[in-house]
Amino acid sequence: MEEECRVLSIQSHVVRGYVGNRAATFPLQVLGFEIDAVNSVQFSNHTGYTHWKGQVLNAQELHELYAGLKLNGVNKYDYVLTVCDPVMGDKWNGEGSMYVPEDLLPVYREKVVPVADIITPNQFEAELLSGRKIHSQEEALAVMDMLHAMGPDTVVITSSDLPSSRGSDYLIALGSQRTRRPDGTTLTERIRMEMRRVDAVFVGTGDLFAAMLLAWTHKHPDNLKVACEKTVSAMHHVLQRTIQCARAQAGEGRKPSPAQLELRMVQSKKDIEDPEIVVQATVL
Amino acid sequence: MEEECRVLSIQSHVVRGYVGNRAATFPLQVLGFEIDAVNSVQFSNHTGYTHWKGQVLNAQELHELYAGLKLNGVNKYDYVLTGYTRDKSFLAMVVDIVRELKQQNSKLVYVCDPVMGDKWNGEGSMYVPEDLLPVYREKVVPVADIITPNQFEAELLSGRKIHSQEEALAVMDMLHAMGPDTVVITSSDLPSSRGSDYLIALGSQRTRRPDGTTLTERIRMEMRRVDAVFVGTGDLFAAMLLAWTHKHPDNLKVACEKTVSAMHHVLQRTIQCARAQAGEGRKPSPAQLELRMVQSKKDIEDPEIVVQATVL
């Protein structure tokens, strides 16, 4: 990182494990970014464990922290990273369900997405934001154009149930990046990636993905294909290491626990710094 | 790190900058440790800036977080790391947690930086409430395994002033007797043969031989002063000392050489960048003097040795 690139990340903190700021901070730091972290909550661990305890920040307290930075004249950032990875819901077996109160949807649609530059919804979230269902790749591309029109120049649908030619143990991700040519016309780069599913429930992967996408789109600003290949490849290495360690810890025939499935972040440092490319994005 | 080594670090968090958990987490992570972090406060930045704002955790909330880990059966640690604390009841809760974690794992190592104050121009003053001293002396230090006091803190804990190296070694023996097998006096105003722009650090590690007798390894290091006020250096030092004593368990000399060398590289990079940012003849601001942590990753991972510790 030739020049200091400063990120303000506003996400949750867990004492143990890797979600929210804990998933974003280490990768961005090892990739050379100065990441300032506002912890919107502090919990013992993520809410997928049997138990969790902790405290949340209210809007007033969040504002107080920002005011401190502003008073010191250090409220200068190149990136902001938040749950503008609109982690709102997901589909299980084709049925969508929301993880956060439904009254947040209009806030995202009307206030958050319009000021976002890069968004990383999954298919369900893309459908909610655009108000349109996705049954095919063409519809997905149309939805991404609708999302561009709402604000962000970069849209990555991080997972979908679109069919892959490689079979049902692959999932499709799509990316779209709009740039403005000097003559005023827009150029849209669209890509498609096929990613092997891993048979486990991981938590924090969306947060890790968004952080690494920030890093790789920064290093490859006009090349969504390469940025996504590096991001998805790094994810693959982290998840493979995680599932192997988790299964070893759980033992033969036993399903790993949430504690055992925590991302092997620290152990994957080299893969995060310089991922071996294991996925090819197709330019559409 | 062949086997997973898990650290519980209970320190402050700042949104911007590198003190407390922000100084400890990155180095320990890049050195391969799993570090779980309880943030005792969340402030916008450290309190050396003109302004700072934020919130503190109380003892009850600390206990709540620990209870969450315990309910999930994941309260198993190899190390605990603590630093600057201002609240007596918070510190007492930390001690309760350490005691319980030691019951879970009798080999747990508690690394404690007993932050209480420092000396300026020969005069020491406390920057925490005075009622913390008896808590450190009677409760914290007795359960600590590694402590990193500066000279003033070593004097406060032992009740004895240090005017010479012999007195410093005697004070370290007194501190060993209170509990910790490893004591590093991280800075002192003892004179260096190299002149006044060097400061002396001393280390002492007690190990038990198979026959029951004790062996004490004592070392001395001379470190070049840097003409600036850095914040977070003690926190960074304690975190890296944890890492290097883990990797070199019976070799305080090497552990300290690596720790101090890494510190040197981080501070050099920081002061150079800070001066460049401030401009000719201007004194760098607290914001400009923030440790260049991320940029020093390689020095932290594998420090080039630039200091020789003398075995005494």
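Under an unreviewed UniProt entry, chain B has the name Pyridoxal kinase and belongs to Sciurus vulgaris. Database annotation for chain B, UniProt heading Function (unreviewed entry): "Catalyzes the phosphorylation of the dietary vitamin B6 vitamers pyridoxal (PL), pyridoxine (PN) and pyridoxamine (PM) to form pyridoxal 5'-phosphate (PLP), pyridoxine 5'-phosphate (PNP) and pyridoxamine 5'-phosphate (PMP), respectively. PLP is the active form of vitamin B6, and acts as a cofactor for over 140 different enzymatic reactions."

In the nomenclature of an unreviewed UniProt entry, chain A is known as Pyridoxal kinase of Sciurus vulgaris. In its Subunit (unreviewed entry) section, the UniProt entry covering chain A states "Homodimer."

Asker: Can you tell me about the interface of chain B and chain A, naming the residues and giving the values?
Answerer: Quite often, the size of an interface is put as the accessible area lost when its parts meet. Each partner contributes residues to the interface: chain B has 48 residues there, and chain A has 48 residues. Counting each side, the surface lost to burial between chain B and chain A is near 4,000 Å², with a carbon and sulfur contribution of 51%. Arg 22 of chain A serves as the salt-bridge partner of Asp 36 of chain B, at 3.7 Å between the closest nitrogen and oxygen. Of all the secondary-structure elements, those providing two or more residues to the side of chain B that touches chain A are β1 (6–14), α1 (21–30), β2 (34–43), β3 (54–56), α2 (59–71) and α9 (297–301) of chain B. Here the element with the most residues in the side of chain B that touches chain A is β2 of chain B; it accounts for 8 residues. The class makeup of the residues in the side of chain B that touches chain A is 20 nonpolar, 16 polar and 12 charged.

Asker: Provide a residue-level description of the nonpolar core, including the pertinent values.
Answerer: In this structure, Leu 28 and Leu 81 of chain B are the most contacted members of the largest nonpolar core, which totals 94 residues. Leaving out residues up to four positions away in the same chain, Leu 81 of chain B has contacts with Val 7, Leu 8, Ser 9, Ile 10, Gln 11, Ala 24, Leu 28, Val 111, Ala 238, Ala 239 and Leu 242 of chain B. In terms of nonpolar packing, the next biggest core, distinct from the first, is built from 52 residues, Ala 259 of chain A together with Val 38, Val 143 and Leu 190 of chain B among them.

Asker: Hey, could you go over a nonpolar patch on the surface for me, with residue numbers and the actual values?
Answerer: Residue and element names in this part refer to chain B. On the surface, Tyr 84, Trp 120 and Tyr 127 cluster together to form a nonpolar patch covering roughly 310 Å² of accessible area. Looking at the element boundaries, Tyr 84 is found in the loop between β4 (79–82) and α3 (88–104). Assessed through its relative accessible area of 32%, Tyr 84 is described here as partly exposed.

Asker: A description of the sheet that holds strand β2 (residues 34–43) of chain A should follow, citing residues and the corresponding values.
Answerer: All names here are of chain A. Strand order in this open sheet of 4 strands is β3-β2-β1-β4, and the pairing throughout is mixed. Only two strands of the sheet have a single partner each, and these edge strands are β3 (54–56) and β4 (79–82). Pairs of neighbouring strands in the sheet enclose a mean axial angle of 35 degrees, with direction left out of account. Inspection of the sheet shows strand β1 (residues 6–14) paired to β2 by 8 bridges, in the parallel sense. Its bridge partner lying in β2, Arg 6 is registered against Glu 34. The sheet contacts of helix α6 (residues 205–219) involve β1 and β4, and relative to β4 the element is tilted by about 165 degrees.

Asker: Kindly report on the state of the cysteines, identifying the contributing residues and their values.
Answerer: Within the structure shown, the criterion is met by 0 disulfides over all chains. Cys 5 of chain B forms no disulfide, and the closest cysteine sulfur to it belongs to Cys 245 of chain A, at a distance of 16 Å. Among the cysteines around Cys 256 of chain B, which has no disulfide bond, Cys 112 of chain B carries the closest sulfur, lying 16 Å off. Of the residues examined, Cys 256 of chain B reaches a relative accessible area of 0% and is grouped as buried.

Asker: Let's hear about the packing of α2 of chain B against α3 of chain B: which residues, and what values?
Answerer: Residues and elements named next belong to chain B. The contact between α2 and α3 brings their axes to 9 Å, and the two run at 20 degrees. By the angle between their axes, α2 is roughly parallel relative to α3. For α2 against α3, the interelement crossing comes out right-handed. Of the residues in α3, those in contact with Ala 59, Leu 62, His 63, Tyr 66 and Lys 70 of α2 are Ser 89, Phe 90, Met 93, Val 94, Ile 97, Glu 100 and Leu 101. Here the contact of α2 with α3 is built from residues that sort into 8 nonpolar, 2 polar and 2 charged.

Thresholds applied
Residues numbered from 1 in each chain as written. Chains lettered and ligands numbered in written order. Predicted model: local features only at pLDDT ≥ 70, side-chain atom pairs only at ≥ 80, totals over all residues. Heavy atoms only, no water. UniProt positions renumbered as here; feature names shortened; annotations may be inferred. Contact = heavy atoms within 4.5 Å. Buried area = accessible area lost by both parts, 1.4 Å probe. Salt bridge = Lys/Arg side-chain N within 4 Å of Asp/Glu carboxyl O. Helix = DSSP H or I, 4+ residues; strand = E, 2+ residues; numbered from the N terminus. Nonpolar A, V, L, I, M, F, W, Y, C, P; charged D, E, K, R; others polar. Core = buried A, V, L, I, M, F, W, Y, C linked by side-chain atoms within 4.5 Å. Buried < 20%, exposed > 50% of the residue type's maximum accessible area, 1.4 Å probe, protein only. Patch = residues over 30% accessible without salt bridge, like charges linked within 9 Å, V, L, I, M, F, W, Y side chains within 5 Å. Areas by Shrake-Rupley, 256 points an atom, 1.4 Å probe, with all protein chains shown as cover. Pairing = 2+ DSSP bridges. Axes fitted to C-alpha atoms, helices over the stretch in contact; angles between N-to-C directions. Disulfide = S-S within 2.5 Å. Parallel < 35°, antiparallel > 145°, perpendicular 65-115°, else oblique. Left-handed = near helix turned anticlockwise from the far one by under 90°.

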